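Each chain is listed here by its residues.
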Amino acid sequence: MNTQTVDMEQARFYLQKYYGYPDFREGQRRIVESVLAGADTLGIMPTGGGKSVCYQIPALMFSGLTLVVSPLISLMKDQVDALTAMGIPAAYINSTLSGKEVNEVIRAARRSQIKLLYVAPERLELDWFREEMKQLQISCVAVDEAHCVSQWGHDFRTSYLAVSPFVDELPVRPIVAAFTATATPQVMDDMTSLLRLSQPSIFVTGLGRDNLAMSVLRGENKREFILNYAHTHAHQPGIIYAATRKDVDDLYQRLNDSGVKAGRYHAGLSDQEREKSQESFLYDDIRVMVATNAFGMGIDKSNVRYVIHYNMPKNMEAYVQEAGRAGRDGDPSECILLFSAQDIMTQKFLIEQNPQDETRKHNEYRKLQQMVQYCYSTSCLKWEMLDYFGEDHDNKPCGICSSCRDERELVDRTRDAQIVFSCIHRMRERFGVALIAAVLKGSRNKKVLQYGFDQLPTYAMLRALTEKQISELINLFIAEGYLRLSEGQYPIVQLEPLAVDVLKGNHTVMMRAPEADKNVSDSKR
Ligand code: ADP
Ligand code: ZN
């Protein structure tokens, strides 16, 4: 990092003067300091963490222009409107402007009359635009939603690859600052290499926001749960995400029929309809928005009190981004994921439907598995999330997630565990959850008989449980680290060393009472 002294007092002065915030949040302060010191910077912050300030304040302090690469036209307009309202000279160039308006913006930039210029990445591919930019003094290129440069992320956008050649062409290399809410190591590597950040300072902050109570609920009647919840939280803004348009339409209808004013949002609606429901939600004409994941990017509504997922999303990145739309104002909010095993099938189907190469597919299956693991986790969900994203935590349970609040008593499941592990061992660790459950149940299905598994000593040893309960149990053992799933479309279950300890009688397996008991207590709540 450059050792020039950084005037953080001045930075704070601008923050108070223009934004009216008394001080930087800790993550912001470190990022602003790094950018002002002239270092390429990768800032990873959750949605609502306050990324904009991280490049807008430096932009005010740099002598030249800050070019902001931003993926959405609507987002650009909101940002520029907000900046202009605060008295910060900013503009955008995009397809909504006439040729004359574009020229005016360029002229203003040449005269150093604007500090921030917002463009979509596609613009960097236009020769005339690159030529214009070469004539300007550009101090910083800020890349928003920088995960779009990575094929491993969930919104890959080819034109993000134009950022680095663009930067290379400039007569003086500007500082490159990239921002995203996505922090898996692979995506981080891609951002660094594909944006060609030069020895970047990397900051990962605030994923675990203290005001968010995370819950995973398994085995709920999802529809009933949502109707109930929307009624008991009738005056609070909330978002309900569903995986398919059909489910969105269905929930939307039911909510409205039952007297909850709900809006809906998905790609099957006309532009006008989508815009209208988005506006109604922003201005609190409707309380609940039922939507597919098409909804939310660039929505700045700070008082969303809950985000419910009707289905499990495809991976943790998507989940954290969507759930993170709750509680941006810092007030207590809930993120509830309604999980059912069917969700896994749906996501696998979606992966198979999407034409893509084998490596990517493999990667998607792996991420799906980690998502499933989160859903079965019995440890603090905040830790699980921070661990996934590689952020440090202080080993203090959050106290408000569904695992932390789970008061079901711990029971000794060592005997069941031994039966399951021994069965897996005897099946030579070569089969998936469903077949193992079938064998333990004592099913006479074709595959069981074909492999002669009805001859195993563990055959039918868990016949008192249903196959579904046995599958759940196996999934719990996976989530607790006794077993692992291989990768791919048909993952097979294998023993971890911990399972071997259990088989040898060296380890006791303590687990929460089974799900069935939980449903009873839930309905009493
Ligand atoms: P992101 O782009 O990371 O989603 P924003 O930049 O839109 O987040 O900021 C999220 C919210 O946090 C906004 O409502 C903003 O007003 C608020 N905010 C940002 N920085 C601060 C700060 N230092 N003090 C108080 N509020 C802040
Ligand atoms: Zn917790």
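A brief look at the structure comes next. (Residues numbered from 1 in each chain as written. Chains lettered and ligands numbered in written order. Predicted model: local features only at pLDDT ≥ 70, side-chain atom pairs only at ≥ 80, totals over all residues. Heavy atoms only, no water.)

Relative to the helices and strands, Asp189 resides in helix α8 (residues 185-194). Given the relative accessible area of 52%, Asp189 is considered exposed. (Helix = DSSP H or I, 4+ residues; strand = E, 2+ residues; numbered from the N terminus. Buried < 20%, exposed > 50% of the residue type's maximum accessible area, 1.4 Å probe, protein only.)

For the rest of this paragraph, the subject is the coordination of the zinc ion (ligand 2). Coordination of the zinc ion (ligand 2) by the protein comes from Cys380 (SG), Cys398 (SG), Cys401 (SG) and Cys404 (SG), over a distance range of 2.3 to 2.4 Å. Angles of 102 to 119° at the metal separate the four donor atoms of the zinc ion (ligand 2), which places the site in the tetrahedral class. Each donor residue of the zinc ion (ligand 2) lies on the same chain, and together they follow the pattern C-x17-C-x2-C-x2-C. In this pair, Cys380 sits in the loop between α14 (358-376) and α15 (381-388) while Cys404 sits in the loop between α15 and β14 (410-412), placing the two residues 24 residues apart along the sequence. Overall, Cys380 belongs to the buried group, its relative accessible area being 5%. We classify Cys404 as partly exposed; its relative accessible area is 26%. (Donors = N, O, S within 2.8 Å, 3.2 Å for Na, K, Ca; no water. Tetrahedral: all angles 85-135°; square planar, octahedral: opposite > 155°, others 65-115°.)

Moving on, we come to the packing of helix α9 (residues 222-232) against helix α10 (residues 245-257). The contact between α9 and α10 brings their axes to 11 Å, and the two run at 45°. In terms of orientation, α9 lies oblique with respect to α10. Both α9 and α10 take part in a crossing whose hand is right-handed. Side by side, α9 and α10 meet where Arg223, Ile226, Leu227 and Ala230 of the first sit next to Asp250, Leu251, Arg254 and Leu255 of the second. Looking at side-chain class alone, the contact of α9 with α10 contains five nonpolar, no polar and three charged residues. (Axes fitted to C-alpha atoms, helices over the stretch in contact; angles between N-to-C directions. Parallel < 35°, antiparallel > 145°, perpendicular 65-115°, else oblique. Left-handed = near helix turned anticlockwise from the far one by under 90°. Contact = heavy atoms within 4.5 Å. Nonpolar A, V, L, I, M, F, W, Y, C, P; charged D, E, K, R; others polar.)

Tracing the chain through its elements places Arg274 in helix α11 (residues 271-282). In this structure Arg274 comes out as buried when scored by relative accessible area, which is 18%. In terms of polar contacts, Arg274 uses its side chain to reach the side chain of Asp271, at 2.9 Å. Aside from chain neighbours lying at most four places away, what touches Arg274 is Tyr265, His266, Ala267 and Leu269. (Polar contact = N/O pair within 3.5 Å; in protein donor to acceptor, adjacent residues only side chain to side chain.)

Taken together, 13 residues sit near ligand 1, with Tyr21, Gln28, Gly48, Lys51 and Ser52 positioned nearest. Take Asp23: an N or O atom from its main chain is 2.9 Å from a nitrogen atom of ligand 1. Within the side chain of Ser52, one N or O atom sits 2.5 Å away from an oxygen atom of ligand 1. Within the complex, the protein chains bury 77% of what would otherwise be the 570 Å² of accessible surface of ligand 1. A breakdown of the residues in the shell around ligand 1 according to their chemical character gives three nonpolar, six polar and four charged. (Near = heavy atom within 4 Å. Areas by Shrake-Rupley, 256 points an atom, 1.4 Å probe, with all protein chains shown as cover.)

You will see that Gln199, though not glycine, has its phi angle at about 35°, which is positive. The phi dihedral of Asp284 is positive, around 65°, even though this residue is not glycine. Within the secondary structure, Asp284 is located in the loop between α11 and β11 (288-291). Relative accessible area serves as the criterion here: at 31%, Asp284 is assigned to the partly exposed category.

Here the focus is the nonpolar core. Judged by nonpolar contacts, the single largest core of 74 residues is most densely connected at Phe421, Ile474, Phe477 and Leu483. For Ile474, the residues in contact, after removing those within four places along its chain, are Val420, Val433, Ile436, Ala437, Leu483 and Val493. One finds Leu15, Val35, Leu36 and Leu60 within the second-largest nonpolar core, a separate group that totals 73 residues. (Core = buried A, V, L, I, M, F, W, Y, C linked by side-chain atoms within 4.5 Å.)

Sheets are built from strands paired through backbone hydrogen bonds, the pairs being either parallel or antiparallel. Taken in spatial order, the seven strands line up as β3-β4-β2-β5-β6-β1-β7 in an open sheet, and their pairing is parallel. Edge positions in the open sheet fall to β3 (90-93) and β7 (201-204), since each of these has one partner strand only. With direction set aside, neighbouring strand axes in the sheet form an average angle of 15°. As paired elements, strand β1 (residues 41-44) and β7 share four bridges and run parallel to each other. Paired with Leu42 across the two strands is Ile202, which belongs to β7. Against the sheet, helix α3 (residues 51-61) engages β2 (65-69), β4 (116-119), β5 (138-143) and β6 (175-180), with an angle of about 135° to β4. Contacts from helix α5 (residues 99-110) reach β3 and β4, with the element oriented near 135° to β3. (Pairing = 2+ DSSP bridges.)

It is worth spelling out the sheet that holds strand β10 (residues 262-265) at this point. Pairing in this open sheet of six strands is parallel, and the strands run β8-β13-β12-β9-β11-β10 from one edge to the other. The sheet is open, and its two edges are formed by β8 (212-218) and β10, each paired on a single side. Looking at each pair of strands side by side, their axes are set apart by 15° on average, direction ignored. Relative to strand β13 (residues 333-339), strand β12 (residues 306-309) runs parallel, the two sharing four bridges. Bridge pairing links His309 to Leu337 in β13. Strands β9 (238-241), β10 and β11 of the sheet are contacted by α11, whose axis makes an angle of about 140° with β10.

Below, the discussion takes up the environment of Ser193. Structurally, the position occupied by Ser193 is in helix α8. Relative accessible area serves as the criterion here: at 44%, Ser193 is assigned to the partly exposed category. As a C-alpha pair, Ser193 and Val149 span 44 residues in sequence and 9.9 Å in three-dimensional space.

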